[in-house]
Amino acid sequence: MPRLSGSLSNKACIVKIQKENSDLASSSSGTVLDKNAGLVLTHASIFQSLLTSKSKLLQQIETSGYCIDDPFPETCVTVTLELPKAGDSNTKQMEINQSTNYSSWFIDLRKTANSLMGNDEVPMQHYDIKGEIMCVWKCEELQRTLIDLLPSSEGWKFSEDPPALDDASKTSDRPKSEANASNDSNFDIYKTSLLLPCFAIIKLEGSPRHMTVDFTEFFVPQMLFKGQELFVIGTPFGEMSPSVFMNSMSKGVVANSSGPSDCLILTDARCIPGTEGGPLFFGSPCHNDYSLGGIIICPLCWKNNEWIGLSLACSLHEVIVSLATVISSVKDINLSLTSSSVPDMSVSLHENPSLAKAMQCVVLISAKHCWGSGIYIDPQQGYVVTCSHVVKAIAVNSKVSIYVPHFGWSEGSLLFKTAPGEVYDIALLHICVHKKHSNIQRLRCQSNIAQGRGLTTLCMY
C-alpha cells in the first residue's frame with residue numbers, strides 16, 4: 001500500500017480527546033508544527049462534542065477570544081504519530097512521561113527513520129503520546145471573513161449533513177445567549193459557527209515547560225494564484241480506523257481565496273470529516289517541492305440544501321499572526337515566538353493573463369433561491385449562457401439578477417431554457433443594461449478539442 005515519504009509522514013498526526021471514565025470522545029487531524037519541541041496545531045472543531053452552554057471554553061472564546069487554561073480538565077488528550085517502527089516489534093504504544101526528554105526521543109527515532117527512508121519493506125507504526133491543551137484561540141480575521149462572505153442568513157452551513165430547509169431562517173451568525181439556541185439543533189449550529197475560526201495548540205507530554213518556537217521553516221513565501229497545485233494530508237474519520245486512513249493525501253488546486261492576506265483559501269481537494277486540522281501544502285509532493293501554507297478548517301459545506309463540494313482552509317500566516325496576538329496579551333502562557341517566526345508570510349492571489357481575461361466573462365446568476373455560474377458569451381449584445389437547472393425556479397421572460405466581475409449586479413431576463421430531462425441543459429439570458437460592459441473581451445470558442453488534453457474549469461462563488 002502506498003504511503004507518505006518520511007519527510008511528510010511526520011508533519012501530520014491524529015489528535016484525540018476523551019472524557020475520563022466515559023465513552024465520549026472526539027478526534028481529528030493535526031499538524032506537527034515543531035517536532036523537536038512536541039508542538040501540534042489542530043482545529044477547534046475537535047471540542048464540539050464536549051462543548052455545553054456552561055463550558056469554560058465557550059464562555060472564554062465568547063468574551064476574550066482565547067482560553068489558555070485547560071478547558072476540559074477531566075479529559076485525556078492523545079496524539080498519534082506515524083513513523084517507521086523502532087525497537088521492540090511487539091511495542092504497540094509509546095508513552096512519554098515527564099522524566100523523558102521528548103526532543104531527544106523524537107530525534108533518535110527520526111535518525112532511524114531517515115536511515116530507512118526509501119525502503120518499502122520498513123513497517124510503519126503508530127505511536128500514541130499523551131498531550132495537554134496549551135491554548136485555544138480565535139482567528140479574528142478569519143471569523144470576519146466567514147461572516148461577511150458565507151453568512152448563514154444566505155443559506156450557508158458547515159456540517160457533515162445537509163441542513164434543514166428552514167435552518168437559515170431560524171438561526172443567525174452569532175446568537176447572543178443560550179436562549180437563541182434553545183434546542184439541540186440550533187445549539188449545534190451555534191457551536192459550529194463559534195469554533196469554525198478557532199484553533200488549538202497541543203503540547204506533548206515530556207516537552208519543555210516553556211517553548212520558544214520559530215515557525216519560519218514551515219512556510220516559504222510565494223505568490224498564490226488560482227489553479228495553483230496543492231495537497232492536503234489528514235486522517236478521514238479521525239481515530240475511527242487509522243490503520244486504513246492514517247495520513248491520507250488528497251490533491252487539488254487553489255479555487256479562490258478571500259479576506260485580509262487571503263486568509264480563507266478555497267480548494268477542490270477532497271476532504272471528509274476528520275481531516276480538520278490537517279496541513280495544506282502548496283506545491284507538489286512528487287518532486288519534494290512544497291511548503292506548508294494552511295490548515296484545513298472545514299471539509300464540507302452546504303448552501304440552500306445543495307452540497308458545494310469545496311474544502312475550506314485558513315492560511316498559516318493568519319493562524320500564526322492571531323496566535324502571536326494572543327501571546328503578546330497574555331503573561332501566563334509558556335510559549336513564545338522568535339522574531340523571525342512571523343515574517344511577511346502573507347500570500348496574495350494572482351492570476352495569469354489568460355485566466356484573468358476568461359474570468360471577466362464568468363458571471364454569477366441568482367434566480368429566486370437558485371444560483372450558479374454563467375458565461376458572458378457576448379458582452380456587446382448582453383447575452384449570457386448558463387445551465388437550465390440554474391434558473392429552474394423561474395419562467396421564461398422572468399427577471400434574474402446577474403453579477404458581472406468589476407461591474408457589480410445587473411438586472412437581466414430569461415429568454416430561453418430547455419425543459420427538465422432534455423439532453424442539453426441550456427439557458428439563455430439577456431442583461432438589460434449591457435453597454436457599460438462593452439470593454440469586456442468576448443471569449444473565442446475552442447474547436448480543436450482532443451482526448452486527454454488539459455483543461456481548466458472557472459466558476460463564480
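Remember, it's a predicted structure, so these values are computed and weren't measured experimentally. (Residues numbered from 1 in each chain as written. Predicted model: local features only at pLDDT ≥ 70, side-chain atom pairs only at ≥ 80, totals over all residues. Heavy atoms only, no water.)

## Focus: the overall build of the protein chain
The helix and strand inventory of the protein chain stands at nine helices and 24 strands. For the protein chain, with 461 residues in total, the buried portion stands at 48%. Looking at the protein chain as shown, the accessible area adds up to about 22300 Å², and 51% of this sits on carbon and sulfur atoms. (Helix = DSSP H or I, 4+ residues; strand = E, 2+ residues; numbered from the N terminus. Buried < 20%, exposed > 50% of the residue type's maximum accessible area, 1.4 Å probe, protein only. Areas by Shrake-Rupley, 256 points an atom, 1.4 Å probe, with all protein chains shown as cover.)

## Focus: the sheet that holds strand β12 (residues 264-267)
In spatial order, the strands read β10-β11-β12-β17-β14-β13; together these six strands close into a barrel with antiparallel pairing. Across this sheet, the average inter-strand angle for adjacent strands is 45 degrees, counted without regard to direction. Sheet topology places strand β10 (residues 229-234) next to strand β11 (residues 248-258); six bridges connect them, and they run antiparallel. Among the inter-strand pairings, Val 232 is bridged to a residue of β11, identified as Ser 250. Its contacts with the sheet place helix α4 (residues 140-149) against β11, β12, β14 (289-298) and β17 (311-315), and it is angled at close to 55 degrees to β12. Its contacts with the sheet put helix α8 (residues 316-329) on β14 and β17, and the angle it makes with β17 is roughly 50 degrees. (Pairing = 2+ DSSP bridges. Axes fitted to C-alpha atoms, helices over the stretch in contact; angles between N-to-C directions. Contact = heavy atoms within 4.5 Å.)

## Description of the packing of aromatic side chains
Aromatic ring pairs are described here by two measures, namely the spacing of the ring centres and the angle between the planes. Tallied over the entire structure, the rule returns eight aromatic pairs. Between the aromatic rings of Phe 231 and Phe 281, the centroid separation amounts to 5.1 Å while the plane-to-plane angle is 15 degrees, which identifies the pairing as stacked. Of this pair, Phe 231 sits in strand β10 while Phe 281 sits in strand β13 (residues 279-284), placing them 50 residues apart in sequence. Of the two residues, Phe 231 and Phe 281, both sit in the buried class. Its relative accessible area of 1% is what places Phe 281 among the buried residues. (Phe/Tyr/Trp six-rings, centres within 6.5 Å; stacked < 30°, edge-to-face > 60°.)

## Some points on the environment of Leu 41
Counting through the fold element by element, Leu 41 comes out in strand β3 (residues 39-43). Measuring from C-alpha to C-alpha, the distance between Leu 41 and Ile 202 comes to 6.3 Å, with 161 residues separating the pair along the chain. Setting aside residues no more than four positions away along its own chain, Leu 41 makes contact with Gly 30, Thr 31, Leu 33, Trp 137, Phe 199, Ala 200, Ile 201, Gly 277, Ile 295 and Val 319.

## Quick look at the environment of Gly 65
Tracing the backbone through its elements, the reader meets Gly 65 in the loop between α2 (56-63) and β4 (66-67). Each C-alpha atom of the pair Gly 65 and Cys 139 lies 8.2 Å from the other, and the pair is 74 residues apart in sequence. Discounting residues that sit within four places of it in the chain, Gly 65 has contacts with Gln 60, Trp 137 and Lys 138.

## A short note on the sheet that holds strand β19 (residues 362-367)
Spatial ordering of the closed barrel is given by β19-β20-β21-β24-β23-β22, a layout of six strands whose pairing is antiparallel. Each strand of the sheet is rotated relative to its neighbour by a mean of 40 degrees, with strand direction disregarded. For β19 and strand β22 (residues 399-404), the ladder comprises three bridges, and the chain directions are antiparallel. Among the inter-strand pairings, Leu 364 is bridged to a residue of β22, identified as Tyr 403.

## With respect to α8
In this model, α8 (14 residues) spans 20 Å end to end at C-alpha, consistent with the 20 Å of a helix rising 1.5 Å per residue. Those residues of α8 that sit buried are Leu 316, His 317, Glu 318, Val 319, Ile 320, Ser 322, Leu 323, Val 326 and Ile 327. (Expected span 1.5 Å × (residues − 1).)

## As for a nonpolar patch on the surface
A cluster of nonpolar side chains, Ile 375, Ile 377, Tyr 383, Leu 415, Phe 416, Val 423, Tyr 424, Ile 426 and Leu 443, forms an exposed patch at the surface whose accessible area comes to about 860 Å². Elements with a minimum of two residues in the nonpolar patch: β20 (370-378) and β23 (408-417). Locating Tyr 424 in the fold gives a position in the loop between β23 and β24 (427-431). Owing to a relative accessible area of 63%, Tyr 424 belongs among the exposed residues under this scheme. (Patch = residues over 30% accessible without salt bridge, like charges linked within 9 Å, V, L, I, M, F, W, Y side chains within 5 Å. Salt bridge = Lys/Arg side-chain N within 4 Å of Asp/Glu carboxyl O.)

## Section: unusual backbone geometry
Most peptide bonds adopt trans geometry, and most residues besides glycine take a negative phi value. Of note in the backbone geometry, Asn 397 takes a positive phi value of approximately 80 degrees without being a glycine. Asn 397 gets classed as exposed once you look at its relative accessible area, which sits at 61%. The phi dihedral of His 406 falls on the positive side, at around 75 degrees, and the residue is not glycine. You can see His 406 is positioned in the loop between β22 and β23. Judged by its relative accessible area of 71%, His 406 is exposed.

## Here we look at α2
In an α-helix, one turn spans 3.6 residues; hence positions three or four apart end up facing the same way. Along α2, the positions that sit buried rather than exposed are Leu 57, Leu 58 and Ile 61. Looking down the long axis of α2, one finds its buried residues gathered within 100 degrees of arc, a one-sided arrangement. Taken from the residues just after α2, Gly 65 is the one with a positive phi, measuring 90 degrees. (Arc of directions from axis to C-beta.)

## Considerations on the pairing of strand β21 (residues 383-386)
On β21, burial follows the alternation: Val 384 and Thr 386 on one face are buried, whereas Tyr 383 and Val 385 on the facing-out side are not. Here β20 runs beside β21; their pairing, made up of three bridges, is antiparallel. Note on β21: the bridge partner recorded for Asp 378 is Tyr 383. The antiparallel pairing of β20 with β21 creates a hairpin that spans four residues between the two strands, and Gly 382 there sits at a positive phi of about 85 degrees. With four bridges connecting them, β21 and β24 associate as antiparallel partners.

That is the geometry; function is a separate question.
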